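Each chain, letter by letter, is given below.
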Amino acid sequence: MAEMFTCNGLVKRYGKVCALNSLTLSVDGTVVGLLGPNGAGKSTLISVLLGQTPATSGKAAVLGLDAARRQNLIRRRVGFVPENDCLIPGMTGTGYVCYTGRLAGMSYKDAMQRAHEVLDYVELGEARYRPAEQYSAGMKQRLKLAQALVHDPDLLFLDEPTNGMDPQGRQTMLSLITDLGRAGIRVLLSSHLLPDVDRVCEQVVIMGGGEVLSSGNIDEMKRAHPTLYTVEFVAEGDGEDFRQRLQENNVTIHQRAEGSLGIELPTAEAQCIVLQAARETNIKLRGLHPKQNSLEEAFMAAIARQQNP
Amino acid sequence: MNTAPATSAHGYRRWSGQLSRRRWTWLAIFVAGVRLTNRATKVRGLVWMSFMFAVGSCALFYMLARLEILAGSDEASDMYGLINMFLHVDLSGVKQLADFREVLWRSVFLFMFKGELFWVFVVIMRAGPGLIADDLKARALPIYFARPVTPLTYMMGKWMVVAFFIGMVVLVPNLLALIFGTLTTGGLQTFGQTLALAGDLLITGGGVVVFGGAVVLALSSLSSDKRYVMVGWVAFCLLPVMAQAVLFKVLPDETTSGWLGSVSLYRDITVTADWVFGIRAAWESTPLPREVFDRALGRQSTLVYPAVVLLTFTIGSLLICYCRVVRFSRSAANA
C-alpha cells in the first residue's frame, strides 16, 4: 500500500511569504496528527496535497499519486473536512450529503442511498431532513464528516474537526475517527487540540514556519527525555541530605514537593546514583519512575527548538 | 425513549460502487442550483409571470389571423388600431395580410422580446446574485474544490442555473407562442413560412442567456454579499440606459449612430436582435409603401458598435469570473 503522502523539497511561496519551506517528509500510518501553530503551513500543505494550490517547487504525492498532475484522481480517493462550516443554505442534511456525493462523481441513486448510510453512521439519522443551517455546532461537524465520507475515500483530511464541540460531541467525533481508522480509512488530523491528537493518533507531524519540526510515533516522542525521572520517597526529616547528595552527583533537581522530586540524571544509565544516595542518607525509596512527556511538552519543545536553534 | 443503539455502533461500512469518470459534475451543480433558486417564491412567481409574454404574442397572432379574414371590413378597424399601437405598423390599407405573415410575426416577436428584456433584468436580479456570492458567504467552496470539480466545471454549472431562468423568460414563452401561432394559423403552410423564426428566437434568446449570465456571474464572484451584487446589477443595467436617454435628447440623430448610440446595453441588445430578425430588410423588401412600416423601424443604427460592446462585456465578464473562481479554488483549503 502506498504511503499516505510524501513531500520532496516542497516549496510554496505567496509573494515574499514562504508558506512551505523545502518540506521533505514521508508520512504513513492509519491516523496521523498534523500539529502546528497558526501560520505553520498546515492548511497550505493540505491545499497542495489536494492539488488545489500548485507548489512553487518540489513534489508531493498522495497515496502514490502526483499531487500536481493527478489531482482529480486524488480527490476521488480523498475526503476533506474543512475547518469552516461550508454548508449550503437551504439544503437538508440528506440533500447536502447527496449533493457532495454527486460532485464526487456518484450517480443520484448511489449518492442518495449512501447519504442515508453515512448520516446514520455519524448519528445524524434523525436530523437528516432538517435544514443544515439549523444544526448545532457538533451536528455541523458530523455533517461535514458525512460529506467527506459519502464517496468512501481511502484517506481523510480533517481540519480541526472538533472545533466548537461540547465534550460529549468531541468524544463522539474522536470515537468516529478511531472507528474509521479501524475500518481501514487513513486519516490526517490537523488540530490545535493536542489531547485530541494524543487520543486518536499513532503518528504525528509537528510543523512550524513552513517546516517539519518533528515527526514520528507519538509514544516515542513522549519518551524524548530518557534522563528525566520522578523520585518518590519517605524521609524522617525534610530530605535535604538526600537532595544534597544527589546534587553532589551531578543530578539536577527540577521539581520539589513533599515526598517527591523531579530529577534529571547526568546519563540515561545513572539510576544507581539515586539508589546509592538513598542508602547513604537513610531514605526509603517508594518509586523511581521515568518521566513520561506529554504531547504538549513534545510540541512546545519542538517549537522552542525552532525559535532558539 | 428510543433505546435502539446508535447506528455508528455497527461500525463504518465501505461502499463498493464506482465513481463516474465522466465530467458531469456541472450537471449536479446546475440541478442543485435550480432547485435551491426555485424554492424562492418570488423567483417562481417571476418565471410564471413571464408566460404573459407568450399570452401577449398569442393574442397578437390571433388578431393578425382574424385580420387576414376580416381585412377591409368594419369589424377590423378596431384591430388595426391595436396592431398599430403595439407594432407601429398601419395595416388598414393592406388587403392580402397573409402575404406579410412572416414579417408581421417577426415584428410581434421583436415587440415581445423588448418587453422580455425588462423581465430578464428582474429575474436575473433575483436569481443571479447569490450564485457564487452565497458560496463565498457560506465558505462552501472547499466542498467543490476538494472534489473533482474544476473552476471551469463550477462556472459552467453556476452559469447553467442563471441560463435556465433566463431561458424560461426569453426562450420558452416565445417558442410556445410560435407553436401556438403555427397551430392556429394555417398549420403546415405557416410552419414553412415561420420556421426560420424559431432559429432567430433561439439565437437572440441564446445571446441574452450568454450575455446576462456572464455579467451576473462576474458580479456575483466579486462580493460575498449578494445585496451588493444586486445593486451592481441594477446600476450596470440602468445607468447606461439613463445616460443613453440623455444623449439621445441632447445630441442630433446622426451623431448617435456610432459609439454614442451604443451606451445603453438595452439598446445594444435590441439593435442586435433587429439584425438577427432582419426586421429592417424584411419590411423594406415588401411592396408596401414606407409610411406603413416606417415607425416600426425606429432609429437607424449600425450593428458594429453594439455587437462590439456586447462581446466585450461578455468576454470580459467571463474572464473576470474565471480568474476569480481559479483564485477561490486555489485558496479553498484556507477558506
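Predicted model, so just to flag it, every value in this text is computed and none were measured.

Here we look at the overall build of chain B
Next up, step 1: When you go through chain B residue by residue, the secondary structure sums to 15 helices and zero strands.
Next up, step 2: Each of the three principal axes of chain B carries a C-alpha extent, and together these read 85 × 50 × 40 Å.
Next up, step 3: Across the 335 residues that make up chain B, the buried fraction comes to 50%.
Next up, step 4: Put simply, 76% of the contacts in chain B that link residues at least 6 apart link residues at least 24 apart.
Next up, step 5: Per element, the accessible surface of chain B, about 16300 Å² overall, is 65% carbon and sulfur.
Next up, step 6: Taken as two groups, the 30 positive and 19 negative side-chain charges of chain B have centres that lie 23 Å from each other.

Some remarks on the interface of chain B and chain A
Quoted interface sizes are often the accessible area lost when the parts come together.
Next up, step 1: Taken together, the 37 residues of chain B in the interface contact 53 residues of chain A.
Next up, step 2: For the chain B and chain A pair, buried surface summed over both sides reaches about 4100 Å², with 54% attributable to carbon and sulfur atoms.
Next up, step 3: Of all residues in chain B, Tyr12, Trp15 and Arg147 of chain B give up the largest surface area on contact with chain A, accounting jointly for 20% of the area buried on that side.
Next up, step 4: On inspection of chain B and its partner chain A, the count reaches two salt bridges.

Some points on the sheet that holds strand β4 (residues 57–62) of chain A
Residues and elements named next belong to chain A.
Next up, step 1: Strand order in the open sheet made by the four strands is β2-β1-β4-β5, with antiparallel pairing throughout. Where the open sheet ends on each side, the last strands, each with one partner, are β2 (17–27) and β5 (65–66).
Next up, step 2: Two elements, strand β1 (residues 5–14) and β2, share seven bridges in a ladder whose sense is antiparallel. Paired with Arg13 across the bridge in β2 is Cys18.

Quick notes on the domain arrangement of chain A
Next up, step 1: Parsing chain A into structural domains produces domain 1 (5–222) and domain 2 (228–292).
Next up, step 2: Between domain 1 of chain A and domain 2 of chain A, the C-alpha centre-to-centre distance is 46 Å.

Structural notes on the packing of aromatic side chains
Residues and elements named next belong to chain B.
Next up, step 1: Under the criterion given, the structure shown has 19 aromatic pairs over all chains.
Next up, step 2: Ring centres of Phe121 and Trp233 lie 6.3 Å apart, and the angle between their planes is 25 degrees; on these two criteria the pair is classed as stacked. Placement of Phe121 in helix α5 (residues 101–127) and of Trp233 in helix α11 (residues 226–250) is noted, with a sequence separation of 112 residues between them.
Next up, step 3: Using a relative accessible area of 4% as the deciding quantity, one classes Trp233 as buried.
Next up, step 4: Summarising the aromatic geometry, the rings of Phe211 and Phe236 are spaced 6.5 Å apart at their centres and angled 35 degrees between planes, so their arrangement reads as tilted. Taken as a pair, Phe211 in helix α10 (residues 188–220) and Phe236 in helix α11 lie far apart in primary sequence, 25 residues in all. Accessibility classification places Phe211 together with Phe236 in one group, the buried group.
Next up, step 5: Grouping aromatic residues by their ring pairs yields a cluster made of Phe53, Phe118, Trp119, Phe121, Phe211, Trp233, Phe236 and Phe313.

Re the sheet that holds strand β10 (residues 211–217) of chain A
Residues and elements named next belong to chain A.
Next up, step 1: Strand order in the open sheet formed by six strands is β6-β7-β8-β3-β9-β10, and the pairing between neighbours is mixed. Each edge of the open sheet is held by one strand with a lone partner, namely β6 (78–81) and β10. Ignoring strand direction, the axes of neighbouring strands in this sheet form an average angle of 15 degrees.
Next up, step 2: Across the sheet, helix α5 (residues 137–149) touches β6 and β7 (155–159), and the angle it forms with β6 is around 165 degrees.
Next up, step 3: The sheet contacts of helix α11 (residues 295–307) involve β3 (31–35), β9 (203–208) and β10, and relative to β9 the element is tilted by about 35 degrees.

Remarks on the nonpolar core
Next up, step 1: Judged by nonpolar contacts, the single largest core of 155 residues is most densely connected at Leu145 of chain A together with Tyr144 and Trp233 of chain B.
Next up, step 2: Take this core: its biggest share by element is 17 residues, from α5 of chain B.
Next up, step 3: Not counting the four nearest positions on each side in its chain, Leu145 of chain A is found in contact with Val81, Val122, Leu156, Leu158, Met173, Leu176 and Leu180 of chain A.
Next up, step 4: In this structure, Leu25, Leu49, Phe157 and Leu188 of chain A belong to the second largest nonpolar core, which totals 30 residues.

Things to note about the state of the cysteines
Residue and element names in this part refer to chain B.
Next up, step 1: Taken as a whole and judged by the stated rule, the model has zero disulfides over all chains.
Next up, step 2: With no disulfide of its own, Cys237 lies closest to Cys321 among cysteine sulfurs, the gap being 16 Å.
Next up, step 3: Using a relative accessible area of 16% as the deciding quantity, one classes Cys237 as buried.
Next up, step 4: Between Cys321, a free cysteine, and Cys323, which holds the nearest cysteine sulfur, the sulfur-to-sulfur gap is 9.3 Å.
Next up, step 5: What makes Cys321 buried here is its relative accessible area of 1%.

Structural notes on helix α10 (residues 271–280) of chain A
All names here are of chain A.
Next up, step 1: Residues of α10 that are buried include every one of Ile273, Val274, Ala277 and Ala278, and no others. End-on, the buried residues of α10 take up no more than an arc of 130 degrees, which puts them together on one face.
Next up, step 2: Where α10 is buried, its residues meet β11 (228–234), α9 (240–248), β13 (260–264) and β14 (284–290).
Next up, step 3: Looking at the residues trailing α10, positive phi occurs at Asn282, about 60 degrees.

Section: helix α1 (residues 42–49) of chain A
All names here are of chain A.
Next up, step 1: Of all eight residues in α1, eight are buried; the element is thus mostly enclosed.
Next up, step 2: Regarding α1, the residues found buried are Lys42, Ser43, Thr44, Leu45, Ile46, Ser47, Val48 and Leu49.
Next up, step 3: Directly beyond the C-terminal end of α1, a positive phi value near 80 degrees is found at Gly51.

Considerations on the pairing of β9 of chain A
Residues and elements named next belong to chain A.
Next up, step 1: Most of β9 sits inside the fold, with five of its six residues counted as buried.
Next up, step 2: By the bridge criterion, four bridges tie β3 to β9 in an arrangement that is parallel. By the bridge assignment for β9, Leu34 is matched with Val205.
Next up, step 3: Once β9 ends, the chain turns through two residues before running back antiparallel as β10, passing Gly209 with a positive phi of about 55 degrees.

So, the pattern of salt bridges
Next up, step 1: Under the defined criterion, the tally for this structure stands at 20 salt bridges over all chains.
Next up, step 2: Taking the shortest distance from any N to any O, the salt bridge between Asp85 of chain A and Lys140 of chain A comes out at 3.6 Å. Of this pair, Asp85 of chain A sits in the loop between β6 and α3 (93–104) while Lys140 of chain A sits in helix α5, and the two are 55 residues apart along the sequence.
Next up, step 3: Taking relative accessible area as the criterion, Asp85 of chain A reaches 38% and is therefore assigned partly exposed.
Next up, step 4: Look at Lys140 of chain A and you get buried, because its relative accessible area is 16%.
Next up, step 5: Put simply, Arg77, Arg114, Glu117, Asp152 and Asp154 of chain A together with Arg14 of chain B are held in one network by salt bridges that share partners.

Topic: unusual backbone geometry
Next up, step 1: Although it is not a glycine, Cys86 of chain A sits at a positive phi angle of roughly 50 degrees.
Next up, step 2: The backbone phi angle of Asp152 of chain A is positive, close to 55 degrees, even though this residue is not glycine.

Topic: the environment of Ala59 of chain B
Residue and element names in this part refer to chain B.
Next up, step 1: Of note, Ala59 is situated in helix α3 (residues 51–70).
Next up, step 2: Ala59 gets classed as partly exposed once you look at its relative accessible area, which sits at 37%.
Next up, step 3: In the structure, Ala59 is positioned 118 residues away from Ala177 in sequence and 9.3 Å away in space, judged by C-alpha atoms.

Rules used throughout
- Residue numbers run consecutively from 1 along every chain, following the written order of its sequence.
- Lettering of chains starts at A and numbering of ligands starts at 1, both following the order in which they are written.
- The predicted origin of the model limits local features to residues at a pLDDT of at least 70 and limits the giving and counting of side-chain atom pairs to 80 or more, whereas totals for whole chains, interfaces and linings rest on all residues.
- In computing side-chain properties, one takes all heavy atoms of the structure into account and sets aside hydrogens as well as water.
- Counting from the N terminus, the helices are DSSP H or I runs at least four residues long and the strands are E runs at least two residues long.
- The rule is simple: take the accessible area with a 1.4 Å probe, protein chains only, and divide by the maximum for that residue type; under 20% is buried, over 50% is exposed, in between is partly exposed.
- Any two residues having at least one pair of non-hydrogen atoms within 4.5 Å are treated as being in contact.
- Only the protein chains shown count as covering a residue, and every accessible area follows the Shrake-Rupley method with a 1.4 Å probe.
- We treat Lys and Arg as the positive residues and Asp and Glu as the negative residues; His and chain ends play no part in the count.
- By convention, charge coordinates are those of NZ in Lys, CZ in Arg, CG in Asp, or CD in Glu.
- Put simply, buried area is the surface a 1.4 Å probe can reach on two separate parts but cannot reach once they are joined, added for both.
- Only one rule defines a salt bridge in this text: a Lys or Arg side-chain nitrogen within 4 Å of an Asp or Glu carboxyl oxygen.
- Two strands pair if DSSP finds at least two bridges between them.
- As used throughout, domain bounds are those supplied by an automatic or database domain assignment.
- Only the six-membered ring of Trp is used, alongside the rings of Phe and Tyr, when aromatic pairs are assigned; centres must lie within 6.5 Å, and planes under 30 degrees apart are stacked while those over 60 apart are edge-to-face, with the rest tilted.
- All axes are obtained by fitting lines to C-alpha atoms, using only the stretch in contact for helices, and the reported angles, taken between N-to-C directions, cover 0 to 180 degrees.
- To qualify as a nonpolar core, a set must consist of buried Ala, Val, Leu, Ile, Met, Phe, Trp, Tyr and Cys residues joined through side-chain atoms within 4.5 Å.
- Disulfide: a pair of cysteine sulfur atoms within 2.5 Å of each other.
- Taken from the helix axis, the directions to the C-beta atoms give the arc we talk about.

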